[in-house]
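Coordinate inspection notes
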Amino acid sequence: PAGSTLYFISKLHAIIRTKKEPKGGDCNEGVKARPNIDVTMDIEGRVITPSGNGQIFLDKPSLEIRFGKPNAIRFVRGLESSLTGACTGEERTLFLGPDLAYGESGKSDGKVKGGESVRVDVRIVRVRNKKPTDSKIALSFLETIANGDLKNFSG
């Protein structure tokens, strides 16, 4: 009715802060993190605490993840949703709530307890598609082997 107040109740799942933009601003699609692409990143993750110095639960200078896997763990899906569109060389700080981190059950090694939020510092090192787009070459080679036609092969 007229004069009434409308309230929106929402849940904050993540905060994403870009710390370093890619050189020249935006980048082309070929070097953006996106589904079905392998993304290599320098990553450090900490549990969020009131003091700001939470325990490190992940520290890898070269972690590669294939984005878009349907069976990926919750944390990887959280990384993917927060990093899709990031360019090579870009640095982001992600504040992930439990829904995008390790949920109510926590990390299996106990470093992140159920219901805890995490802070993740990420630098995108490389974006590439490691799956071959043209499998005809491999199939042609396999057919050659199957036919026993290796007379021109030297190795």
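Refer to the preceding data block for the structure.
These notes cover the structure that comes with them.

About the criteria used
- Residues numbered from 1 in each chain as written.
- Predicted model: local features only at pLDDT ≥ 70, side-chain atom pairs only at ≥ 80, totals over all residues.
- Heavy atoms only, no water.
- Salt bridge = Lys/Arg side-chain N within 4 Å of Asp/Glu carboxyl O.
- Helix = DSSP H or I, 4+ residues; strand = E, 2+ residues; numbered from the N terminus.
- Buried < 20%, exposed > 50% of the residue type's maximum accessible area, 1.4 Å probe, protein only.
- Phe/Tyr/Trp six-rings, centres within 6.5 Å; stacked < 30°, edge-to-face > 60°.
- Pairing = 2+ DSSP bridges.
- Axes fitted to C-alpha atoms, helices over the stretch in contact; angles between N-to-C directions.
- Contact = heavy atoms within 4.5 Å.
- Polar contact = N/O pair within 3.5 Å; in protein donor to acceptor, adjacent residues only side chain to side chain.

**Notes on the pattern of salt bridges**
- All told, the structure shown has 10 salt bridges when counted by the stated rule.
- Where Lys19 meets Asp121, a salt bridge forms, and the shortest distance between an N and an O atom there is 3.4 Å. Here Asp121 lies in strand E5 (residues 118-128) and Lys19 lies in strand E1 (residues 14-20), a separation of 102 residues in the sequence.
- Judged by its relative accessible area of 15%, Asp121 falls in the buried class.

**Topic: the packing of aromatic side chains**
- Applying the stated criterion across every chain yields a total of three aromatic pairs.
- On the basis of an interplanar angle of 80 degrees and a centroid distance of 5.7 Å, the ring pair of Phe57 and Phe75 is categorised as edge-to-face. One end of the pair, Phe57, is in strand E3 (residues 56-66); the other, Phe75, is in helix H1 (residues 74-83), with 18 residues separating them in the sequence.
- Accessibility expressed as a relative area gives 5% for Phe57, which makes it buried.
- The class of Phe75 is buried, set by a relative accessible area of 4%.

**A closer look at the sheet that holds strand E2 (residues 38-47)**
- Strand order in the open sheet formed by five strands is E1-E4-E5-E2-E3, with antiparallel pairing between adjacent strands. At either margin of the open sheet sits one strand with a lone partner, and together these are E1 and E3. Recorded for the sheet is a direction-independent mean angle of 20 degrees between the axes of neighbouring strands.
- Taken together, the 10 bridges between E2 and E5 define a ladder with antiparallel strand orientation. The residue bridging Ile43 from the neighbouring strand is Val122, located in E5.
- Along the sheet, H1 makes contact with E1, E2, E3, strand E4 (91-96) and E5, crossing E4 at roughly 130 degrees.

**Overview of the side chain of Thr93**
- One can find Thr93 in strand E4.
- You can call Thr93 buried: its relative accessible area is 3%.
- Reaching out from Thr93, the side chain makes a polar contact with the side chain of Asp121 at a distance of 2.7 Å.
- In this structure, Thr93 is in contact with Ile15, Ile16, Arg17, Lys19, Arg119, Val120 and Asp121, ignoring residues within four places of it in sequence.

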